[in-house]
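Tertiary structure, described
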Amino acid sequence: MNKPRAAIDWTARGEIGSMAVLRCTVWLARRLGRNFSRMLLLPVCLGFAVCWPASRAASKCFLARALGRPAGMLDVLKHFFTFGTTVLDRVYLLNDEADRFEITIHGEQIVTEILAQGGGCLLFGAHHGSFEVLRLVGRSQPNLRVSLAMYEATGRKIGAALNAINPHLAPLIIGLGTPGAMIEIRDCLEQGGFVGMLADRTLASDTTVKVDFFGAPAAFPTGPARLAALLRPPVVLMVGLFRGGNRYEIHFERLAAPASARPDPEGATPLIAQYVSRLEHYCREAPYNWFNFFDFWA
Amino acid sequence: MKILTEPVRQTSESPALALAQLIVETLNLEVAAAAIDPDAPLFGEGLGLDSIDMLEIALAVSQTYGVKLRADDTDNNQIFRSLGSLSQYIQQHRV
């Protein structure tokens, strides 16, 4: 466990890059439609693969582990293309054009049960597939209210972009990094809301713990599991995998509550390890859905 | 290091010192309650506490003083600025 952790520069590289992709795709998506926009994504992805050697290397490194074989340039292109497609599809999801997608939901009864008990749930997501497809669950679960907890700088940018697409549908964003952030999450849970957090990425200030991920230790933030230990809400893993064409596959899975009520990082480790092991499972199921384009094991 | 003290506050202590003791006990801090500067930042630098520690403090404060810190109707940045500001808020709102 390290605190503080060595500086990680994904905010500088990954987010600016993905914001450029996002702006570009919003424009394309609206004017050209999904099929034509996806065709245009191909040269865009090729450009990124050539101009971003660090992201290319990170993609190859991850895919080699997840595929169990060396990854080539075509794999990298497919990886970037999958990312581009999910970013593009956010525009349609936010525009309430869900009908164009074919969705399979696994474990929806978990959400139904929690809502029937009054709600209040921590959703552990990841930069794997599309978290945005959660909106499609909202159509069959009208009582589902989801807030997203994310770092303010990232949240502001993403919030602004989502607002530009459809102000009515932008999710409530809880900014992390302030003293009151977790109190806000507690209040949200008490009011029966679902609070989503992407539990796979850390910032320099986070306490982390090293957990085996594809056979090698990688740093994961302890925050989400410490919060679960302290507040003891139901904890559910959620991934929305892009399966090619217009198909998405949503998975909900209950995670075990931490044994200790103390939110110390050691007590939180079993929950993190369980999350990571299930995440690895979904990474093997859909390797090209992994959207952490930096050296995850650094 | 765990400091064993009764959760019931002595009335003779200063409110800020009593709160410091509650924080040290709650978070198992390796620092003496009296050594916490009432004006130093609680969050981030200084004591090095994060927002989950702040939530834990808020839960302990609610149990001990009956003062519930909420996200919507309070300025948490101001309240959690320092031990002194948190103590002052509690004294103003305790029942």
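See the structure shown above.
None of these values were measured; they are calculated from a predicted model.

The rules behind each value
Residues numbered from 1 in each chain as written. Chains lettered and ligands numbered in written order. Predicted model: local features only at pLDDT ≥ 70, side-chain atom pairs only at ≥ 80, totals over all residues. Heavy atoms only, no water. 1 Å grid on protein atoms, 1.4 Å probe; cavity = no way out; pocket = protein on both sides within 12 Å on 5 of 7 lines; lining within 4 Å. Points joined across faces, edges and corners; volume = space filled by probe spheres on them. Nonpolar A, V, L, I, M, F, W, Y, C, P; charged D, E, K, R; others polar. Core = buried A, V, L, I, M, F, W, Y, C linked by side-chain atoms within 4.5 Å. Buried < 20%, exposed > 50% of the residue type's maximum accessible area, 1.4 Å probe, protein only. Contact = heavy atoms within 4.5 Å. Phe/Tyr/Trp six-rings, centres within 6.5 Å; stacked < 30°, edge-to-face > 60°. Buried area = accessible area lost by both parts, 1.4 Å probe. Salt bridge = Lys/Arg side-chain N within 4 Å of Asp/Glu carboxyl O. Polar contact = N/O pair within 3.5 Å; in protein donor to acceptor, adjacent residues only side chain to side chain. Helix = DSSP H or I, 4+ residues; strand = E, 2+ residues; numbered from the N terminus. Patch = residues over 30% accessible without salt bridge, like charges linked within 9 Å, V, L, I, M, F, W, Y side chains within 5 Å. Areas by Shrake-Rupley, 256 points an atom, 1.4 Å probe, with all protein chains shown as cover. Arc of directions from axis to C-beta.

**Some points on empty space enclosed by the protein**
Residue and element names in this part refer to chain A. For the structure shown, the criterion picks out one cavity of 30 Å³ or more. Of the voids in this model, the largest cavity is the one considered here, and its volume is about 40 Å³. Lining the largest cavity we find Phe-124, Ala-199, Pro-221, Pro-224, Ala-225, Ile-272 and Tyr-275. Here the lining of the largest cavity is built from residues that sort into seven nonpolar, no polar and no charged.

**Looking at the nonpolar core**
The tendency in soluble globular proteins is for nonpolar side chains to be buried side by side. In this structure, Ile185(A), Phe213(A), Phe220(A), Tyr275(A) and Leu86(B) are the most contacted members of the largest nonpolar core, which totals 78 residues. Other than its neighbours up to four places away in sequence, Phe213(A) contacts Phe62(A), Ala218(A), Phe220(A), Val276(A), Leu279(A), Glu280(A), Cys283(A), Trp290(A), Phe296(A) and Trp297(A). Within the second largest apolar cluster, 40 residues are counted, among which are Tyr92(A), Ile114(A), Val133(A) and Leu134(A).

**Side note on the packing of aromatic side chains**
Residue and element names in this part refer to chain A. Under the definition given, this model contains 20 aromatic pairs over all chains. Geometrically, the ring pair formed by Trp-290 and Phe-296 is edge-to-face, given 5.0 Å between the ring centres and 80° between the ring planes. Neither Trp-290 nor Phe-296 differs from the other in exposure class; each is buried. Among the aromatic residues, those joined into a ring-pair cluster are Phe-62, Phe-213, Phe-214, Phe-220, Trp-290, Phe-294, Phe-296 and Trp-297.

**A look at the interface of chain B and chain A**
Of the residues lining the interface, 22 residues belong to chain B; the matching set on chain A comes to 21 residues. Buried area between chain B and chain A, both sides added, is near 1,800 Å², and the carbon and sulfur share of it is 58%. Joining chain B to chain A, the criterion identifies four salt bridges. Linking chain B to chain A there are four residue pairs in polar contact (both at pLDDT 80 or more). At the level of elements, helix H1 (15–27), helix H2 (51–65) and helix H3 (76–79) of chain B are the ones that each hand at least two residues to the side of chain B that touches chain A. Of all the elements, H2(B) adds the most residues to the side of chain B that touches chain A, at eight residues. Of the residues in the side of chain B that touches chain A, the class split is ten nonpolar, six polar and six charged.

**A short note on a nonpolar patch on the surface**
Residue and element names in this part refer to chain A. Among the surface-exposed residues, Leu-32, Phe-36, Met-39 and Leu-40 lie close enough to one another that they form a single nonpolar patch of about 340 Å² accessible area. Sorting elements by how many residues they give to the nonpolar patch places helix H2 (residues 34–51) first, with three residues. Turning to its location among the elements, Met-39 is positioned in helix H2. For Met-39, a relative accessible area of 53% gives the class exposed.

**Looking at the environment of Leu63(A)**
Residues and elements named next belong to chain A. In this structure, Leu-63 sits in helix H3 (residues 53–67). We classify Leu-63 as buried; its relative accessible area is 0%. Distance from Leu-63 to Arg-226, taken between C-alpha atoms, is 30 Å for residues 163 residues apart in sequence. Those residues within four positions of Leu-63 in sequence are excluded, and the remaining contacts are Gly-68, Arg-69, Ala-71, Asp-75, Val-76, His-79, Pro-287 and Tyr-288.

**As for unusual backbone geometry**
Even without being glycine, Phe214(A) reaches a positive phi, approximately 55°. With respect to the element layout, Phe214(A) can be found in the loop between strand E6 (208–213) and strand E7 (216–221). Here Asn28(B), not a glycine, exhibits a phi torsion of approximately 55°, which is positive. Position of Asn28(B) relative to the elements: it lies in the loop between H1 and H2. Taking the relative accessible area as the measure of exposure, Asn28(B) reaches 33% and is therefore partly exposed.

**As for helix H8 (residues 181–190) of chain A**
Residues and elements named next belong to chain A. In terms of burial, H8 is largely enclosed, as eight of its ten residues are buried. Along H8, the positions that sit buried rather than exposed are Ala-181, Met-182, Ile-183, Ile-185, Arg-186, Asp-187, Cys-188 and Leu-189. Immediately beyond the C-terminal end of H8, within one or two residues, lies Gly-192, with a positive phi of roughly 85°.

**Topic: helix H5 (residues 108–116) of chain A**
Residue and element names in this part refer to chain A. Listing the buried residues of H5 in full gives Ile-110, Val-111, Ile-114 and Leu-115. Buried positions in H5, seen along its axis, are confined to an arc of 130° and lie on one side of it. Taken together, the buried residues of H5 touch strand E2 (121–125), strand E5 (194–198), strand E8 (235–242) and strand E9 (247–255). Backbone geometry just after H5 places Gly-118 at a positive phi near 105°.

**Describing the pattern of salt bridges**
All names here are of chain A. Here the structure, examined in full by the defined rule, presents 13 salt bridges over all chains. Where Arg-186 meets Asp-187, a salt bridge forms, and the shortest distance between an N and an O atom there is 2.9 Å. Residue Arg-186 shares its accessibility class with Asp-187, and that shared class is buried. For the salt bridge of Glu-253 with Arg-278, the shortest nitrogen-to-oxygen distance reads 2.8 Å. Of this pair, Glu-253 sits in strand E9 while Arg-278 sits in helix H10 (residues 265–285), and the two are 25 residues apart along the sequence. On the basis of relative accessible area, Glu-253 is assigned to the buried category, the value being 17%.

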